[in-house]
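Here are the chains, one letter per residue:
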Amino acid sequence: MVDVSAETYDVKDVALAEAGLGRIHWADTQMPVLRSIRERFGHEQPLARLRIGACLHVTTETANLMIALKAAGASIALCASNPLSTQDDVAAALAGEFGIPTFAMKGEDEATYYRHIEAVLASRPNITMDDGCDLVNVLHTRHADQLAEVRGGTEETTTGVIRLRAMARDGQLRIPVVAVNEALTKHMFDNRYGTGQSTLDGLIRATNLLIAGRTFVVCGYGWCGRGLASRAHGMGAHVIVTEVDPTRALEALMDGYRVMPLAQAVEQADVIITVTGDLNVVDAQHFRRMKDGCIVANSGHFNDEINIPALLDLARTHRQVRPFVEEYELGDGRRVYLLADGRLLNLASAEGHPAAVMDMSFANQALAAVYIAQNADRLAPGVYDVPEEIDKEVARLKLASLGVQIDQLTEEQRRYLASWDTGT
């Protein structure tokens, strides 16, 4: 174990490090793209002498990203991006086995959560790495004096990108940030296949519910909603999609799902899961119309999607009936079950996305950090897409790791695609 002072980390129990180390190594076996990048980083040292401040879900997959960044020469400080998403044995291993300052505990209260963000910012990062924009938000609102030292950042998730674009629109974003979430190899796979599978994993672990035959309402039909609806349907659920965007609603309808307003869907729902990134998607009006025993959960980044204060106001009693399952008994005797305090179900009551999809997401994170390091001087403050060459490199590496080969354009085909004078 690395000799580290307790002042350099704040984890639940550093004695859990050995158990965490085994799980980190297991995840590494499912992350060949990130592993190949880590090996390259070890030779090239593209982040030498740079400090990275990361606010991410502290999971086995994140641990492998941190190890890759350390191999690239960076010094790192890490905190959790959600109070319920930390895997305590992984946090212990990062601190105790790898000497990475880690500030994260599953179930930490709000004061501790922000104290941990402050601990990361105390390392005075040159590059930020965020999942939800809390680190960047605190940096801008409480530590603006440090912004001159920050070359730029990366953002992992849809909610964080929304917040960053709002900051940029209001003229408040003062650093360039690469929206890793927008990479095709991130949102098409991580959001769709990762969220779809891991959310159902969290639901089943929390409730031991049989999915087949249930009426399953998915609020939002972005990439996460598409994946969740597909996986629930594949397990035999009767899926209803609710949407505010007419194009996405039409897509859901043509994908074979029923589409209707949530106020109508809740009367039939056995399970309702939000994946919108918006506020009060499930509100008082919906709780009043739910049938007895309805299960409500969220896989968006924040627990704002479910109006929990409104549920409390409507309930005459509430109690925990299983880990991560809270029963709210309404005035007329109906019961509503809220999972994981409305926080990310897939990380609160399960392990988050499978390592095989996070392999691509975190490969994008690692390469985007290098892109920021090498190009920050010519990037104005704002939100930037992942460069196409990075996105395609990640896809190529993933295919190669799976032993899959694809066709290449001939020179004749390249000329044809670049021409304009050939017609019918």
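Quick summary incoming for the structure in this document. What you are looking at is a predicted structure, and each value in this text was computed from that prediction instead of being measured.

Remarks on the overall build of the protein chain
From N to C terminus, the protein chain includes 17 helices and 15 strands. A compact globule built from 424 residues should have a C-alpha radius of gyration of about 22 Å, and the protein chain, at 22 Å, falls within 12% of that. Along the first, second and third principal axes, the C-alpha set of the protein chain runs to 75 × 65 × 45 Å. Among the 424 residues that make up the protein chain, the fraction classed as buried is 55%.

Description of the nonpolar core
Core analysis: the largest hydrophobic core is formed by 58 residues, its most contacted members being L47, V58, L65, M66, L69, L94 and M129. In terms of residue count, helix α15 (residues 355-375) provides more of this core than any other element does, 13 residues in total. Not counting the four nearest positions on each side in its chain, L94 is found in contact with V58, A63, M66, L78, G99, I100 and T102. The next biggest cluster of nonpolar side chains, apart from the first, holds 29 residues, and it includes Y221, A297, Y337 and A348.

Points about the packing of helix α3 (residues 60-71) against α15
At their nearest, the axes of α3 and α15 sit 10 Å apart, and the two run at 35° to each other. As α3 runs across α15, the sense of the crossing is right-handed. Contacts between α3 and α15 involve E61, T62, L65 and L69 on the former and, on the latter, A355, M358, F362, Q365 and A366. A per-class count over the contact of α3 with α15 returns 6 nonpolar, 2 polar and 1 charged.

Structural notes on the side chain of T102
When you line up the elements, T102 lands in strand β3 (residues 102-103). Reaching out from T102, the side chain makes a polar contact with the backbone oxygen of I100 at a distance of 2.8 Å. Apart from the residues within four sequence positions on either side, T102 is in contact with T8, Y9, D10, V11, L78, A91, L94 and A95.

Brief notes about the pattern of salt bridges
When their charged atoms lie close together, side chains carrying opposite charge are able to pair. Under the definition given, this model contains 28 salt bridges. Between R115 and D10 there is a salt bridge whose closest N-O contact spans 3.2 Å. Here D10 lies in the segment before α1 (17-29) and R115 lies in helix α5 (residues 110-121), a separation of 105 residues in the sequence. When its relative accessible area of 44% is taken as the criterion, R115 is described as partly exposed. Here the salt bridges share partners, and the residues they tie into one network are R23, D89, D201, R205 and E351.

Rules used throughout
Residues numbered from 1 in each chain as written. Predicted model: local features only at pLDDT ≥ 70, side-chain atom pairs only at ≥ 80, totals over all residues. Heavy atoms only, no water. Helix = DSSP H or I, 4+ residues; strand = E, 2+ residues; numbered from the N terminus. Rg over C-alpha atoms; globule rule 2.2 N^0.38 Å. Buried < 20%, exposed > 50% of the residue type's maximum accessible area, 1.4 Å probe, protein only. Core = buried A, V, L, I, M, F, W, Y, C linked by side-chain atoms within 4.5 Å. Contact = heavy atoms within 4.5 Å. Axes fitted to C-alpha atoms, helices over the stretch in contact; angles between N-to-C directions. Left-handed = near helix turned anticlockwise from the far one by under 90°. Nonpolar A, V, L, I, M, F, W, Y, C, P; charged D, E, K, R; others polar. Polar contact = N/O pair within 3.5 Å; in protein donor to acceptor, adjacent residues only side chain to side chain. Salt bridge = Lys/Arg side-chain N within 4 Å of Asp/Glu carboxyl O.

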